[in-house]
Amino acid sequence: QVHLVESGGGLVQAGGSLRLSCTASGRTFSSYAMGWFRAAPGKEREFVAGTSRSGGVAYYADSVKGRFIISRDNAENTAYLQMNSLKPEDTAVYYCAASSGSGLGYLRSYEYNYWGQGTQVTVSS
């Protein structure tokens, strides 16, 4: 089992940047593919970005491609989401997730076994 804790959320103006962190404890962090999802008020949770166990493969939702970067540091048991050129529509609670599946990475929430508690990101216009 792995326990995930997100940090780094906050309030930022449109066009600004934030970096979210997801620190893991428990079993070997490098055994898990990692992902970031978000849930805006009144909307379903959606995929944002995902990465493979080594960090060598990354996937992005079209809405964030070119603006967000997912990365991980297996030595530090931490995954990151660098968010640039933020827009008001990026406002949401952001969750990190870990998958013990055998693939390179996953885009669907049901493919992830473990979830953090979420961190709020608010982008003002």
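Now for a quick tour of the structure.

Calculation notes
- Residues numbered from 1 in each chain as written.
- Predicted model: local features only at pLDDT ≥ 70, side-chain atom pairs only at ≥ 80, totals over all residues.
- Heavy atoms only, no water.
- Phe/Tyr/Trp six-rings, centres within 6.5 Å; stacked < 30°, edge-to-face > 60°.
- Lys NZ or Arg CZ within 6 Å of the ring centre and 35° of its normal.
- Pairing = 2+ DSSP bridges.
- Helix = DSSP H or I, 4+ residues; strand = E, 2+ residues; numbered from the N terminus.
- Axes fitted to C-alpha atoms, helices over the stretch in contact; angles between N-to-C directions.

1. Quick look at the packing of aromatic side chains
And step 1. Applying the stated criterion across every chain yields a total of six aromatic pairs.
And step 2. An aromatic cluster is defined as three or more aromatic residues linked by ring pairs; in this entry it consists of Phe-37, Phe-47, Tyr-106, Tyr-112 and Trp-115.
And step 3. Sitting over the ring of Trp-115, Arg-45 keeps its end group 3.9 Å from the ring centre.
And step 4. Its end group placed over the ring of Phe-29, Arg-72 keeps NZ or CZ at 4.4 Å from the ring centre.

2. Observations concerning the sheet that holds strand S7 (residues 68-73)
And step 1. Taken together, the four strands give an open sheet; going across it, the order is S1-S3-S8-S7, and neighbouring strands pair in antiparallel fashion. Of all strands in the sheet, those with a lone pairing partner are strand S1 (2-7) and S7, marking the two edges. Here the strands of the sheet are splayed against their neighbours by 15 degrees on average, with no regard to which way each runs.
And step 2. Sheet topology places S7 next to strand S8 (residues 78-83); six bridges connect them, and they run antiparallel. Bridge assignment links Ile-69 to a residue of S8, and that residue is Gln-82.

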